[in-house]
Every structure is written in C-alpha cells, then in structure tokens.
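# Overview (structure and organization)
Chain by chain, the residues:
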Amino acid sequence: MPAAAEVPQPPNAAGLSPWASHPSQTRGRRHPELPAPTRNDFQRDRDRIVHSTAFRRLVYKTQVFLNHEGDLFRTRLTHSLEVAQLGRSIARALGLNEDLVEAIALAHDLGHTPFGHAGQDALHECMQEHGGFEHNLQSLRVVDQLEERYPDFDGLNLSFETREGILKHCSRSHALAIDVVEPGGVARRFLDRTQPSLEAQLCNLADAIAYNAHDIDDGVRSGLLSLDQMQEVPLFERYRQQVIAEYPQLAEKPRRWLYESTRRMLSEQVYDVIDTTRAAIAAAGVRTADEARLAGPLVRFSQDMHTKSAQLKQFLFAHLYRHPQVMHTTVQAKTAVRELFEAYLADPLELRAEFASRADRHRAVADYIAGMTDRFALREHERLTGKRLL
Ligand code: MG
C-alpha cells in the first residue's frame with residue numbers, strides 16, 4: 001500500500017476543484033439569514049426546493065406525454081431527477097459542486113406550465129400584450145416570489161448561484177427589467193454576455209442529455225417511434241447494432257436492446273462532456289469560479305458529439321414532438337389554457353383568493369395557470385367552460 005502522502009489528494013476536503021462554486025464564497029441570499037448548523041448554502045437550497053409546493057406539482061406535469069396517457073412516461077418530476085443524476089455524476093468527475101448542480105437541476109423546470117411546451121406557447125400568446133410568458137423566467141418567479149412558505153419573505157430565498165442557474169435563458173429586455181430590481185444580480189450576465197457558473201452550464205447540458213435519451217424511451221414505449229426507425233440516428237444506431245450483435249438471443253425482448261443501447265449512448269455522452277470540459281478548462285487556464293464565468297462556455301460536448309446530439313434532437317422533433325398524435329393533444333392543450341385564461345380574466349373571483357386580490361390581473365392569471373398540474377387544469381377547464389377536453 002502506498003504511504004498516505006503518495007495517495008493523490010482531492011483539491012480540497014470537499015473534493016472541489018478551484019473553479020467549482022464553493023459554498024463559502026457564495027454571493028448570498030437576497031434576504032440575509034443565519035447559516036444552518038449542519039448544511040452549506042447549496043445543500044440548504046436543494047432541501048428548500050424539494051420541500052416546495054411547486055416541486056411536488058412536477059409529478060403531475062407533462063414532459064412530452066400528458067400525465068394521464070400512461071403511468072410510466074416521464075413527468076417533469078422524473079425528468080428533473082434524471083437531470084440531477086446525470087449532472088451530479090459529471091460534476092463529481094469534474095470536481096464541480098454536486099450540491100449546487102442538484103439544486104439547480106431539481107428547480108430547473110419549476111416554472112413549466114401544465115401540458116408542456118403547448119401550455120407555455122398558449123400562455124405566451126395570452127400574455128403577448130402583458131410581458132409574455134417564458135418558463136425560465138417563471139422558474140425564477142416561483143423560487144423568488146410565488147412560493148409562500150416563510151414568515152419573513154416571499155419565495156424560497158435561494159442563494160445567488162442557484163438562482164443564476166435557474167435563469168438559464170433571458171431576453172435582453174427581460175434582463176434589463178430584472179437588473180433594475182436587482183442591480184448586478186442574476187440577469188446581469190445576459191447584458192454583459194458572460195457565462196453562469198460551471199455548475200449551471202453543466203445543468204443545461206445534462207437537461208439535453210436526459211431528455212434526448214428518455215424521449216427515445218418514451219417514444220418507443222408509446223408506439224409512436226420504432227426501434228427500426230431509430231436507424232436514422234447515428235448516435236443511437238451504432239449502439240443498437242452493437243447490442244443486437246452481442247445479444248441476438250434478446251430478439252424476443254427488444255426492449256432490453258433499447259435500454260442497453262440507450263445506456264451506452266448516455267455513457268458516451270457523459271464521458272464526452274467530462275473529457276471535453278476538462279480540456280476546455282485547462283486550455284482556458286481558469287483558476288476560480290469567477291474566472292470561469294468570463295471564459296466562454298466551458299462545459300460542452302466535443303464538436304463531433306455536438307453534431308450527433310443535434311441530429312438526435314432533429315429526429316425527435318420530426319418524428320415524436322411533431323407526431324400527429326402528439327400534435328392532436330397539443331392543439332387541445334392550447335385550447336384548454338387559452339379558455340382557462342379567458343374565463344379567469346372574465347371572472348377573477350374564480351381564481352384562488354391570493355391571485356384574485358392582485359392588482360396585476362393578467363400576470364396573476366398567468367401565475368395561477370402556470371402553477372397548475374395537467375389534471376387540475378383540465379378539471380378547472382371543465383368546471384368553468386362545461387367542456388371536456390383530452
Ligand atoms: Mg428540463
């Protein structure tokens with residue numbers, strides 16, 4: 001056995017690289033709080049997210065397939081858990097902060113409307129004249145304002161670094177508006193054109209890796225995609241062929257071929273991100289988390305994997321997200337959101353009391369609808385219009 005001194009030591013006791021987000025260097029919370037005795041700030045953020053109402057609602061919110069279409073399809077909740085798993089694995093290998101990655105991943109979809117992107121598009125159209133609706137901004141609104149769990153402040157009062165990761169896209173006009181309320185805060189980077197922390201960059205990529213893989217699985221499970229059709233996707237096809245050659249005896253159990261091919265595809269992407277990011281960090285010569293913010297996107301795929309991942313995404317767009325059956329529910333979901341919006345606007349007393357009492361009526365209606373689960377939205381739609389959709 002080597003002497004203790006010869007065993008390579010992690011960069012510090014927590015295993016964090018110098019360019020990781022260190023909780024001791026957090027830019028803090030908007031409302032100052034005493035530190036927790038046993039948890040650092042990012043662990044505390046994660047725990048607040050898990051205990052939030054918005055987080056529990058994710059279980060009944062659509063990812064691609066509506067919640068009631070089948071019990072085994074991904075929901076926003078299981079999707080968020082998969083993003084957290086992939087993100088943490090990669091973070092550990094890169095010496096990034098796993099707690100922060102987990103917090104961002106679990107919160108990244110909190111602002112999603114019922115019925116997935118169809119719901120968001122419909123709500124955005126309803127809010128066209130009133131500032132629009134965007135799910136990333138809404139995720140930030142949820143953790144900053146809409147959660148009502150603490151006596152002293154609205155929202156969850158999360159750390160800057162977690163909020164920075166949650167706000168992953170933001171238009172210039174929205175960034176300007178947020179920067180007035182919170183000067184130099186989480187929207188500043190969209191004006192300065194700098195990057196968020198490496199942990200936030202990682203969550204974006206883990207999100208794409210997760211949905212590209214699980215949408216294949218759900219697509220095949222639903223019968224809308226076939227394994228044969230997947231031959232069009234080079235990233236998947238290589239593993240499909242390998243697996244079929246290695247396990248010809250599983251011809252009767254093609255689902256195992258699917259799982260094994262997906263598993264190998266996921267692993268290749270994870271290793272690609274780890275290797276590419278390590279090299280990019282070394283090449284950029286960053287020494288701290290703040291230097292990483294100035295160095296351009298560092299957590300990324302290799303060029304080759306980037307191309308393959310884009311091909312997979314295009315395939316899913318063409319054959320799954322635009323599948324006639326999915327499009328049919330999309331149209332109905334949009335109708336449900338639009339008619340709900342009109343009904344609440346016409347009679348605000350139908351809103352829950354804390355929304356009915358707000359002066360910013362359109363935004364209050366949008367916040368209320370955005371928070372709904374798929375099934376609650378459908379129940380409310382039926383109650384208010386007498387029509388049954390989906
Ligand atoms: Mg997501």
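Residues numbered from 1 in each chain as written. Predicted model: local features only at pLDDT ≥ 70, side-chain atom pairs only at ≥ 80, totals over all residues. Heavy atoms only, no water.

## Remarks on unusual backbone geometry
The phi dihedral of arginine 193 falls on the positive side, at around 60 degrees, and the residue is not glycine. Examined against the element boundaries, arginine 193 turns out to sit in the loop between α9 (188-192) and α10 (198-222). On the basis of relative accessibility, which here comes to 72%, the residue arginine 193 falls in the exposed class. Positive phi, close to 55 degrees, is recorded for leucine 390, a residue that is not glycine. Here leucine 390 lies in the segment after α18 (374-385). (Helix = DSSP H or I, 4+ residues; strand = E, 2+ residues; numbered from the N terminus. Buried < 20%, exposed > 50% of the residue type's maximum accessible area, 1.4 Å probe, protein only.)

## Some details on the environment of histidine 79
Tracing the sequence through the fold places histidine 79 in helix α3 (residues 76-94). Under the relative-accessibility criterion, histidine 79 is labelled buried at 1%. The spatial distance from the C-alpha of histidine 79 to the C-alpha of leucine 106 is 9.1 Å, given a sequence separation of 27 residues. Setting aside chain neighbours within four positions, we find histidine 79 in contact with Gln63, Arg74, His108, Asp109, Asp207, Ala210, Tyr211 and His214. Of the polar contacts made by the side chain of histidine 79, one reaches the side chain of histidine 108; its length is 3.2 Å. Among the polar contacts listed, one links the side chain of histidine 79 to the side chain of histidine 214, at a separation of 2.8 Å. (Contact = heavy atoms within 4.5 Å. Polar contact = N/O pair within 3.5 Å; in protein donor to acceptor, adjacent residues only side chain to side chain.)

## Section: the domain arrangement of the chain
Each assigned domain of the chain is listed here: domain 1 (37-193 + 326-385) and domain 2 (199-324). The centre of domain 1, based on its C-alpha atoms, is set 25 Å off from the matching centre of domain 2. Listed as interface residues are 30 residues of domain 1 and, on the opposing side, 30 residues of domain 2. Approximately 2700 Å² of surface area, both sides summed, lies buried where domain 1 meets domain 2, with 70% of it carried by carbon and sulfur atoms. (Domains from an automatic or database assignment. Buried area = accessible area lost by both parts, 1.4 Å probe.)

## Considerations on the packing of α3 against α10
The contact between α3 and α10 brings their axes to 8 Å, and the two run at 125 degrees. Relative to α10, α3 is oriented oblique. Like other packed secondary-structure pairs, α3 and α10 cross with a definite hand, here right-handed. Together, His79, Glu82, Val83, Leu86, Gly87, Ile90 and Ala91 of α3 and Leu202, Cys203, Ala206, Asp207, Ile209, Ala210, Tyr211 and His214 of α10 make up the contact between the two elements. When grouped by side-chain class, the residues that make up the contact of α3 with α10 number 10 nonpolar, 3 polar and 2 charged. (Axes fitted to C-alpha atoms, helices over the stretch in contact; angles between N-to-C directions. Parallel < 35°, antiparallel > 145°, perpendicular 65-115°, else oblique. Left-handed = near helix turned anticlockwise from the far one by under 90°. Nonpolar A, V, L, I, M, F, W, Y, C, P; charged D, E, K, R; others polar.)

## Remarks on the packing of helix α4 (residues 98-107) against α10
Contact geometry of α4 with α10 gives a least axis separation of 9 Å together with a crossing angle of 45 degrees. It follows that α4 is oblique to α10 by the angle criterion. Read as a crossing pair, α4 and α10 show a hand that is right-handed. Contact residues: Leu100, Val101, Ile104 and Ala105 in α4; Glu199, Ala200, Leu202 and Cys203 in α10. Looking at the contact of α4 with α10 residue by residue, the class counts come to 7 nonpolar, no polar and 1 charged.

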